[in-house]
Amino acid sequence: RGPLTRGRHAAGMRNDWDLVVVGASFAGAACALAAREYGLRVCVLERKRDPGIKLHTTGIIVREAAEGTWLSRLPPALVHRVEGVQLHAPNLRRMRLSRPGYYFLATDTPGVMRWLVGELRDAGVELRLATPFQHAERERDGWNVRDAGFARFLVGADGAKSRVAERAGLGRVRDFLYGVEHEFDGLRLARGDALHCFLSKRFAPGYIGWALQAPTGVQVGLAARYRGTHAPTPDADAFLRHVAPVLGIDAGRKPDAIRAGLVPCGGPIARIAADGVILTGDAAGIVSPLTAGGIHSAWKHGWAVGEAIARHLRHGGPSPELVAQQAVPRYRAKRLLRRAFDTMQMDWPFDLLIGTPPLRWAAERVYFNRGRDPGG
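About the thresholds
- Residues numbered from 1 in each chain as written.
- Predicted model: local features only at pLDDT ≥ 70, side-chain atom pairs only at ≥ 80, totals over all residues.
- Heavy atoms only, no water.
- Core = buried A, V, L, I, M, F, W, Y, C linked by side-chain atoms within 4.5 Å.
- Buried < 20%, exposed > 50% of the residue type's maximum accessible area, 1.4 Å probe, protein only.
- Helix = DSSP H or I, 4+ residues; strand = E, 2+ residues; numbered from the N terminus.
- Contact = heavy atoms within 4.5 Å.
- Pairing = 2+ DSSP bridges.
- Axes fitted to C-alpha atoms, helices over the stretch in contact; angles between N-to-C directions.
- Polar contact = N/O pair within 3.5 Å; in protein donor to acceptor, adjacent residues only side chain to side chain.
- pLDDT = per-residue confidence, 0-100.
- Parallel < 35°, antiparallel > 145°, perpendicular 65-115°, else oblique.
- Left-handed = near helix turned anticlockwise from the far one by under 90°.
- Phe/Tyr/Trp six-rings, centres within 6.5 Å; stacked < 30°, edge-to-face > 60°.
- Lys NZ or Arg CZ within 6 Å of the ring centre and 35° of its normal.

Q: Residues and numbers for the nonpolar core, please.
A: Most often, soluble globular proteins keep nonpolar side chains buried together rather than apart. Residues L154 and Y367 are the most contacted members of the largest nonpolar core, which totals 103 residues. At eight residues, the largest contribution of residues to this core is made by helix α2 (residues 26-37). Among all residues touching Y367, those that are not within four sequence positions of it are V85, L87, L97, Y102, F104, C197 and I208. Listed in part, the 19 residues of the second largest apolar core include F184, L189, V220 and L222.

Q: So what about the sheet that holds strand β13 (residues 194-199)? Which residues, and what values?
A: With mixed pairing, the seven strands of this open sheet are ordered in space as β6-β5-β13-β14-β15-β12-β16. One side of each edge strand has no neighbouring strand; the edge strands of this open sheet are β6 (94-97) and β16 (257-264). The mean inter-strand angle of the sheet, taken between neighbouring strand axes irrespective of direction, is 20 degrees. In this structure, strand β14 (residues 208-214) lies alongside strand β15 (residues 217-225), joined through six bridges in antiparallel fashion. Its bridge partner lying in β15, A214 is registered against G217. Strands β5 (84-88), β6, β13 and β14 of the sheet are contacted by helix α11 (residues 357-367), whose axis makes an angle of about 50 degrees with β6.

Q: Lay out the side chain of R259 with the relevant residues and their values.
A: By secondary structure assignment, the location of R259 is in strand β16. Among the residues examined, R259 registers a relative accessible area of 7% and is labelled buried. Side-chain polar atoms of R259 contact the side chain of E183, separated by 2.4 Å.

Q: Any chance you could break down the confidence of the model for the protein for me, citing the residues and the numbers?
A: Averaged over every residue, the pLDDT of the protein is 89; the share at 70 or more is 92%. Confidence drops under a pLDDT of 50 for residues 1-14, and excluding neighbours within four residues, the segment shows 20 contacts in the predicted structure. Note on residues 371-376: pLDDT under 50 across the span, and 17 contacts to partners over four residues away in sequence or across chains.

Q: How would you sum up the environment of L222? Please name residues and give values.
A: For L222, the location among the structural elements is in strand β15. Under the relative-accessibility criterion, L222 is labelled buried at 0%. The spatial distance from the C-alpha of L222 to the C-alpha of P268 is 23 Å, given a sequence separation of 46 residues. In this view, L222 contacts Y178, G179, V180, F203, A204, I208, G209, W210, P234, D235, A236 and F239; residues no more than four positions away in its chain are not counted.

Q: Now, about the packing of α2 against helix α4 (residues 109-122): what can you tell me, with residues and values included?
A: One can describe the packing of α2 onto α4 by two numbers: an axis separation of 10 Å at closest approach and a directional angle of 15 degrees. One way to sum up the angle between α2 and α4 is to call them roughly parallel. Judged by the twist between their axes, the crossing of α2 over α4 is left-handed. Seen from α2, the contacting residues are F26, A29, A32 and L33; seen from α4, they are V112, M113, L116, E119 and L120.

Q: Which residues make up the packing of aromatic side chains, and what values go with them?
A: Scanning the model with the defined rule gives nine aromatic pairs in all. Their ring planes at 75 degrees and their centres at 5.5 Å tell us that Y102 and F104 sit as a pair that is edge-to-face. Take Y102 and F104: they sit in the same class, and that class is buried. The interplanar angle of 75 degrees and the centroid separation of 6.1 Å between the aromatic rings of Y207 and W210 together place this pair among those described as edge-to-face. Owing to a relative accessible area of 11%, Y207 belongs among the buried residues under this scheme. Taking relative accessible area as the criterion, W210 reaches 10% and is therefore assigned buried. One aromatic cluster is present, formed by Y102, F104 and F368 through successive ring pairs. Lying over the aromatic face of W17, R41 brings its terminal NZ or CZ to 4.4 Å of the ring centre. For the cation-ring pair, R73 lies above W70, with the distance from its terminal atom to the ring centre recorded as 3.7 Å.

Q: Outline the sheet that holds strand β7 (residues 104-107), supporting the account with residue identities and numerical values.
A: What the three strands build is an open sheet, ordered β3-β7-β4; its pairing is antiparallel. Taken across any chain shown, the strands that pair with only one partner, and hence form the sheet edges, are β3 (61-62) and β4 (79-82). Pairing of β4 with β7, which is carried by four bridges, proceeds in the antiparallel orientation. From the neighbouring strand, R81 faces β7, where its bridge partner is L105.

Q: Before we move on, could you go through the pairing of β14 and cite the residues and values that matter?
A: The element β14 is largely enclosed, with a buried count of seven among its seven residues. Looking at chain direction, β13 and β14 are connected through four bridges and run antiparallel. The residue bridging C197 from the neighbouring strand is W210, located in β14. In sequence, β14 turns back onto β15 through a hairpin of two residues.

Here it is in structure tokens:
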């Protein structure tokens, strides 16, 4: 325990924490685990009774996260290795993309979320499930958090509609995709060694459709730019009928599970921190504006925040709020591509260019983190 915790417990107070994290997904788990590495007292509040339900993420883990983070410990039964990308034009012509040594891990995402819960508990984190963040009051040297107690630092990893951000007066995520994904248990793709990506303004304006072989079956989804509460929901059934012949699956089969929700796509927000409170992950908009991939970036940033808080409390390190702001990926190139995709997306250029060197060059930089804008 650090000096803050020792002093308050000496006074007989209960439920004192160095850090309270709201949200037990990738960014929140990374933050909590990093802080525990330094011995901080950490409490995580998670609104769901089971973190494996009501998910919005497909759970694709890029090689950098699979090899360079805590996620390298994932049990083999929870992942399926995919070696490349099959990019499909609107007319369903396709090209194969790969990079030597590069891969993705498709996951049993509910299983991964439950595994993370076990990792948090094994690390000594106080995990409170079915406990949504409701309110926090600022104190001179920290926060009084309802259902947790006093914390020197409060971290919001509670998604794009972050209540921590609202309470602390921080920036808010404004730009979204709306995604729908169907899961088919036990199903096998004809080409399960690739992440299938479908370009189509008709089905996925502002984004793409996808299909991949996961450990438990097949996931087929699509997303579109979200334009407010009256925006049409992506037509997942029509999309499945369109792509089923390419994937080698039965278009008439009913999904075993459906997940849907909003995904940030505007890039990091401007103000992610104030005195004693920091946002990370989706709450901070740390998601690639172009691909909407965010697990690697969320994990890296959440870990950096937890480590910065620990170093500050333990060793008088620099301001965690400043470190958190400096650790935000900028996504400059991907922001520009997102703007172009929103305003100028058309199907015919992709039909024309599929398989050509220019499109291959651009796609490889998007999917395999080539260039100076990593972290998608």
